[in-house]
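Descriptive analysis of the structure
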Amino acid sequence: MAQVKVARGIFVVAVALGGAAALTGGCGDDGAGGATPEAGASSGATSTSSSSSGASGSSGASGSSGASSGGSSGSSGSSGSSGSSGSSGSSGVDASSGGIDASDASNIPDVSFAYDAPSRDAARDACAATSAEATLTPLDMFIMLDKSGSMGTDCNVGSTTASKWCASVNALSSYFKSASSTGNAAALQFFPQLPSTTYKCDGSGYSLSSAPGGATGFTALPSATFDTLLNSTNPDGADTPTEGGMRGIAGFLGNATNRRAGRQAIGILITDGDPTACNTSNATLQGILQAHYAATAVRTFVVGMTGATFANLETWAVGGNAPLHNNVVGALTNACGNGAATCRSWNVGAGNPAAFVEALKQIQLSAIGCSYNMPTTTTGVIDPAKVTVDYLMNGTTPQSLVRVTNLAACVANGWYYDNNTTPTKINLCPTQCTAVQADVNAKVKVQLGCLGG
């Protein structure tokens, strides 16, 4: 609803929310639904109320012409119910011209009336600032698990067999079924694929999932459906064709269908050794993941077990644009595997299930803990330039964050959109992300601003 105010000859226009409203007291209106102007008005301000019913009729008006004293009571509109009678109007009206005597302008009352904005403007300009708690972006993960012979003895889910393979099987099964995975989804594949003479180094054999199966799709978590596949798969590869596994990740997640709207896709490579088949150059392997990230903005996380060279894993993780983390993270006391204070790859040693699950949880947090779905509102059209983001330290103390244009422009307390024109996600800058992830009670609030507000 727009407000137009007439104040001593000056018109002020402002747009605000509102529904239908009748015209309220003012100068006589000879249009449809208005009162016929009465002649003459004496000194005093006009005081009327809007009609309580009817579409448009107003009541009580000072005359637009005539100079006789003693104003008449306002007549009712054609469709509205009667309002209060008009009190006497101001003097100084020139009967001959219908104009206002400038010498008495100080006695002219302020007069306001309201009208319904066109529906087109209401949809475009309505502004109802809405505050919403930001929600984490759910995760879609494509996991590529090394099943080379060095992973050790086979086992089924629940077995206590001492092998890296058994630890991996139990850890993945536990995570897939855990409450902390709720809302996320996963697809699982293994490398190498036999026979060893055709390792499919181009990734063609690995860009499909073994579960749920096919070139597209994920299984919603939590789920126990992966157990059957984990129980039926054995560590039997003679070599470690890491290139094939990486190209498989790039192929599966490079398929736009597997990058679902409103969700965050990531790849996870789990291995216990250095590459021994296909291209083994660290620079080449890093380049595969780097090109994948550049094309899709999908990160690849690298998890190493005993037997892997962590300097190699780190090189690959840099290519996958995996975020930095500390060497001590939650229950993990040697998360980098080589004593470094920070790193991008993850170490789970011989695969202690508790440590393995903790690494998966931390990967989940680092992948989505600072990316939020853009809230929506049904009361207006959101103006991205007017959105504000607050971080509530410990869930209570608000701190206003600063919007920057992109990741490269990040500041310590900053945030940015995934797309500045049509944003779907709000991302925290790395330093602010670290602070939020370290605060177990953290909340992020988004205040929506709308066009016209």
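Our subject is the structure that appears above.
In this text the structure is predicted, and so the values were computed from the model without any measurement.

Right, let's talk about the packing of aromatic side chains for a bit. For the structure shown, the criterion picks out six aromatic pairs. Ring centres of tryptophan 165 and phenylalanine 190 lie 6.1 Å apart, and the angle between their planes is 45 degrees; this geometry places the pair in the tilted category. Within this pair, whereas tryptophan 165 is found in helix 2 (residues 164-177), its partner phenylalanine 190 is found in strand 6 (residues 185-191), the two being separated by 25 residues in sequence. Looking at tryptophan 165, the relative accessible area reads 0%, which means it is buried. By relative accessible area, phenylalanine 190 is classed as buried at 4%. Judged by centre distance (5.0 Å) and plane angle (90 degrees), the rings of tryptophan 415 and tyrosine 417 are edge-to-face. The structure contains a cluster of three or more aromatic residues connected by ring pairs, namely Phe142, Phe218 and Phe252.

Counting buried positions over the 10 residues of helix 6 (residues 310-319) gives seven, a clear majority of the element. Within the span of helix 6, buried status applies to Phe310, Asn312, Leu313, Glu314, Trp316, Ala317 and Gly319. One or two residues past the end of helix 6 sits asparagine 321, with phi positive at roughly 60 degrees.

The next thing to look at is the state of the cysteines. Overall, the coordinates contain five disulfides when judged by the stated rule. The disulfide that involves cysteine 370 links it to cysteine 433, with 1.9 Å between the sulfurs. Disulfide cysteine 370-cysteine 433: the torsion about the S-S bond is 90 degrees, which places it as right-handed. Here cysteine 370 is found in the loop between helix 7 (353-368) and strand 13 (371-373), whereas its partner cysteine 433 is found in helix 8 (residues 430-437), with 63 residues between them in sequence. By relative accessible area, cysteine 370 is classed as buried at 9%. According to the relative accessible area criterion, cysteine 433 is buried, its value standing at 12%. Across the disulfide from cysteine 410 sits cysteine 429; the S-S distance is 2.1 Å. Taking the sign of the torsion about the S-S bond as the criterion, the disulfide between cysteine 410 and cysteine 429, at about -85 degrees, is left-handed. Residue cysteine 410 is found in the loop between strand 16 (402-403) and strand 17 (414-417), and its partner cysteine 429 is found in the loop between strand 18 (425-428) and helix 8; the two are separated by 19 residues along the sequence.

Among the nonpolar cores identified, the biggest contains 63 residues, and Met141, Ile268, Ile270 and Trp346 are the most heavily contacted of them. Examining the composition of this core, we find that seven residues originate from one element, helix 7, more than from any other. The contacts of methionine 141, once residues within four sequence positions are left out, are Tyr175, Asn184, Ala185, Ala186, Ala187, Phe218, Leu221, Ile266 and Ile268. Val387, Cys433, Val436 and Leu448 belong to the second largest nonpolar core, which has 16 residues in total.

Here we take up the packing of helix 4 (residues 242-254) against helix 5 (residues 282-296). As a packed pair, helix 4 and helix 5 sit with axes 10 Å apart at the nearest point and diverge in direction by 5 degrees. Comparing their axes, helix 5 and helix 4 come out roughly parallel. From helix 4, Thr242, Glu243, Met246, Arg247, Ile249, Ala250, Leu253 and Gly254 reach across to helix 5, where they touch Leu285, Ile288, Leu289, His292 and Thr296. Among the residues forming the contact of helix 4 with helix 5, the class breakdown is seven nonpolar, four polar and two charged.

Let us look at the pattern of salt bridges. Under the definition given, this model contains six salt bridges. Residues aspartate 140 and arginine 263 are paired through a salt bridge, measuring 2.8 Å at the closest nitrogen-oxygen approach. Of the two residues, aspartate 140 is situated in strand 5 (residues 139-146) and arginine 263 in the loop between helix 4 and strand 8 (264-271); the sequence distance between them amounts to 123 residues. Note that lysine 177 is salt-bridged to aspartate 227, the shortest N-O span being 3.0 Å. Taken together, the residues lysine 177 in helix 2 and aspartate 227 in helix 3 (residues 226-232) connect sequence positions 50 residues apart. Note on lysine 177: relative accessible area 38%, which makes it partly exposed. Judged by its relative accessible area of 14%, aspartate 227 is buried.

Rules behind the numbers
- Residues numbered from 1 in each chain as written.
- Predicted model: local features only at pLDDT ≥ 70, side-chain atom pairs only at ≥ 80, totals over all residues.
- Heavy atoms only, no water.
- Phe/Tyr/Trp six-rings, centres within 6.5 Å; stacked < 30°, edge-to-face > 60°.
- Helix = DSSP H or I, 4+ residues; strand = E, 2+ residues; numbered from the N terminus.
- Buried < 20%, exposed > 50% of the residue type's maximum accessible area, 1.4 Å probe, protein only.
- Disulfide = S-S within 2.5 Å.
- Core = buried A, V, L, I, M, F, W, Y, C linked by side-chain atoms within 4.5 Å.
- Contact = heavy atoms within 4.5 Å.
- Axes fitted to C-alpha atoms, helices over the stretch in contact; angles between N-to-C directions.
- Parallel < 35°, antiparallel > 145°, perpendicular 65-115°, else oblique.
- Nonpolar A, V, L, I, M, F, W, Y, C, P; charged D, E, K, R; others polar.
- Salt bridge = Lys/Arg side-chain N within 4 Å of Asp/Glu carboxyl O.

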